[in-house]
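Each chain, letter by letter, is given below.
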Amino acid sequence: MKTKNILVVGGAGYIGSHTVKMLAASGYQPIVVDSLVSGYKEAVAKYPFYQIDMHDTQKIGEVLQKHEIEAVVHFAAFIEVGESQIDPQKYYENNVMGTLSLLKAMRQNQVDKIVFSSTAATYGEPVYTPIDEKHPTLPINTYGKTKLVVEGILADYARSYGLNYIALRYFNASGADFAADIGESHKPETHLVPIILQSVLGLRSFKVFGDDYKTKDGTCVRDYIHVLDLASAHIKALEKFAGNKQVAESINLGNQKGYSILEVIKMVEKVTGKKVVYELAARRPGDPAVLIASSEKAKKFLGWSPQYDLQDIMASAWKWHQRKPYGFNST
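Below is a summary of the structure that appears in this document.

The rules we used
- Residues numbered from 1 in each chain as written.
- Predicted model: local features only at pLDDT ≥ 70, side-chain atom pairs only at ≥ 80, totals over all residues.
- Heavy atoms only, no water.
- Helix = DSSP H or I, 4+ residues; strand = E, 2+ residues; numbered from the N terminus.
- Contact = heavy atoms within 4.5 Å.
- Pairing = 2+ DSSP bridges.
- Axes fitted to C-alpha atoms, helices over the stretch in contact; angles between N-to-C directions.
- Parallel < 35°, antiparallel > 145°, perpendicular 65-115°, else oblique.
- Left-handed = near helix turned anticlockwise from the far one by under 90°.
- Nonpolar A, V, L, I, M, F, W, Y, C, P; charged D, E, K, R; others polar.
- Buried < 20%, exposed > 50% of the residue type's maximum accessible area, 1.4 Å probe, protein only.
- Polar contact = N/O pair within 3.5 Å; in protein donor to acceptor, adjacent residues only side chain to side chain.
- Core = buried A, V, L, I, M, F, W, Y, C linked by side-chain atoms within 4.5 Å.
- Expected span 1.5 Å × (residues − 1).
- Arc of directions from axis to C-beta.

## What to know about the environment of Ile-235
Here's step 1: Take Ile-235: it is sitting in helix H7 (residues 227–240).
Here's step 2: Put simply, Ile-235 and Ser-26 are 209 residues apart on the chain and 8.3 Å apart in space, counted from C-alpha to C-alpha.
Here's step 3: Beyond its immediate stretch of four places on either side in the chain, Ile-235 contacts Met-22, Leu-23, Ser-26 and Tyr-28.

Printed below as a string of structure tokens:
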């Protein structure tokens, strides 16, 4: 049986690189495209790689043709919520217009299957939890708005051009590959788990933003999902494209369990055996008190369930950060 060639756009990033590794282990041939604006070639050194911006329809098309691509997995996006509020043009140009360029290349080369990296930020302030896919989508930041716009574009392309798509709305992606050869790495680092672990290693200070939320201990509650569970969901999504029936779905990916910041701190202390020193700071605008996913649709439609818990997340992330404290960055 012929190996399926999968184009992974943004494949040198955090979730992308873990998905690339799992695709290869699952019998697929991942072909990686990344601009390296925020990705790391080191993370995907073993795989065919092209440094291309997704806006370059012609070059993307050449890769689609050369490798006879079966489907696309699309991770390429700017993801910093705060920056998206300061510079919305940057986010609309990259996340929306870049995706339109990618879709144009796909249409020109008769590739009609795409798994899209979306986000829980499409929901905005929760009206109820756990959040299911029927929850209102009212994003409160530009980042979430750009992802929701792309989901709308995918739905329109499905209706008019027969596109098959699955948009996966992640909750809090965390953890690292257990071999510790790849893991979370951003510059600057703004994600909770790396920041706490870097503080434990004495590399930075750590702040808890707000202890007066209406939660069990006053700190924000979030749904943390292991990056390997996210990677496996992308493979399940690709499998759903087999057959003749059109697929056009948006699906949550979460653990369906919420942990407060203080509970995360306690888990870090348990895993590392070290005390977490932190400073209390004022709430950040736009931080909801509780974000917890319902993943029932993922279970029913994809046959997917998360395999890893918060301790697994912290243990794998700690192993990675001990090996590479700043990730793929030198500092």
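Okay, back to it.
## Focus on the sheet that holds strand E4 (residues 71–74)
Here's step 1: Spatial ordering of the open sheet is given by E3-E2-E1-E4-E5-E6-E11, a layout of seven strands whose pairing is parallel. Only two strands of the sheet have a single neighbouring strand rather than two, namely strand E3 (49–50) and strand E11 (248–253).
Here's step 2: Where strand E6 (residues 164–170) lies against E11, six bridges are found, and the strand directions are parallel. In the strand pairing of E11, Leu-168 is matched with Ile-251.
Here's step 3: Most of the contacts of helix H5 (residues 142–161) go to strand E5 (residues 113–119), to which it runs at about 155°, and overall it touches E5, E6 and E11.

## Focus: the packing of helix H6 (residues 192–200) against helix H10 (residues 310–323)
Here's step 1: One can describe the packing of H6 onto H10 by two numbers: an axis separation of 10 Å at closest approach and a directional angle of 55°. By the criterion of interaxial angle, the relationship of H6 to H10 is oblique. Read as a crossing pair, H6 and H10 show a hand that is right-handed. Contact residues: H6 offers Val-193, Pro-194, Leu-197, Gln-198 and Val-200, while H10 offers Met-314, Ala-317, Trp-318 and His-321.
Here's step 2: Among the residues forming the contact of H6 with H10, the class breakdown is seven nonpolar, two polar and no charged.

## Quick look at the side chain of Thr-122
Here's step 1: For Thr-122, the location among the structural elements is in the loop between E5 and H5.
Here's step 2: Given the relative accessible area of 0%, Thr-122 is considered buried.

## Comments concerning the sheet that holds strand E12 (residues 259–260)
Here's step 1: If you walk across this open sheet you meet the three strands as E12-E9-E14, and the pairing is mixed. The open sheet has two edge strands with one neighbour each: E12 and strand E14 (290–291).
Here's step 2: The pairing of strand E9 (residues 221–222) with E14 spans two bridges and is classified as parallel. Note that in E14 the partner of Val-221 across the bridge is Val-290.

## Observations concerning the environment of Asp-34
Here's step 1: Relative to the helices and strands, Asp-34 is located in the loop between strand E2 (29–33) and E3.
Here's step 2: Residue Asp-34 is classed as buried on the basis of its relative accessible area, which comes to 7%.
Here's step 3: In this structure, the C-alpha to C-alpha distance between Asp-34 and Asp-53, residues 19 residues apart in sequence, is 6.5 Å.
Here's step 4: Among the polar contacts listed, one links the side chain of Asp-34 to the backbone nitrogen of Leu-36, at a separation of 2.7 Å.

## What to know about the nonpolar core
The tendency in soluble globular proteins is for nonpolar side chains to be buried side by side.
Here's step 1: Ile-6, Ile-15, Ile-166, Leu-168, Leu-238 and Leu-253 are the most contacted members of the largest nonpolar core, which has 35 residues in total.
Here's step 2: Breaking this core down by element, the ones donating at least two residues are strand E1 (5–9), helix H1 (14–25), E4, E6, H7, E11 and helix H9 (296–302).
Here's step 3: If you tally residues by element for this core, the top one is H7, at seven residues.
Here's step 4: With residues up to four places along the chain from it excluded, the contact list for Leu-238 reads Ile-6, Leu-23, Tyr-28, Ala-71, Val-73 and Val-115.

## Observations regarding helix H8 (residues 261–272)
Here's step 1: Its 12 residues place the ends of H8 16 Å apart at the C-alpha level, agreeing with the 16 Å of an ideal helix rising 1.5 Å per residue.
Here's step 2: All of the buried residues along H8 are Ile-261, Val-264, Ile-265, Met-267, Val-268 and Thr-272. All buried residues of H8 lie within an arc of 165° about the axis, which places them on one face of the element. The exposed residues of H8 that point more than 90 degrees off its buried face are Lys-266 and Lys-270.
Here's step 3: Here the buried face of H8 lies against H6, strand E8 (207–209), strand E10 (224–226), E12 and H10.
Here's step 4: Among the residues trailing H8, Gly-273 stands out with phi positive, at a value near 70°.

## Some thoughts on the environment of Thr-19
Here's step 1: Assignment of secondary structure puts Thr-19 in helix H1.
Here's step 2: On the basis of relative accessible area, Thr-19 is assigned to the buried category, the value being 1%.
Here's step 3: The sequence separation of Thr-19 and Asn-252 amounts to 233 residues, and the corresponding C-alpha distance is 17 Å.
Here's step 4: Excluding residues that lie within four positions of it along the chain, Thr-19 makes contacts with Phe-75, Ala-231 and His-234.

## Some words on H5
Since the α-helix turns once every 3.6 residues, residues separated by three or four places project in the same direction.
Here's step 1: Between its terminal C-alpha atoms H5 stretches 27 Å, which fits the 28 Å expected from 20 residues at 1.5 Å a residue.
Here's step 2: Among the residues making up H5, those that are buried are Thr-142, Tyr-143, Gly-144, Thr-146, Lys-147, Val-150, Glu-151, Ile-153, Leu-154, Tyr-157 and Ala-158.
Here's step 3: Close packing links the buried residues of H5 with helix H3 (81–86), helix H4 (88–108), E5, E6 and E11.
Here's step 4: Remark: Gly-162 follows H5 within two positions and exhibits a positive phi of approximately 80°.

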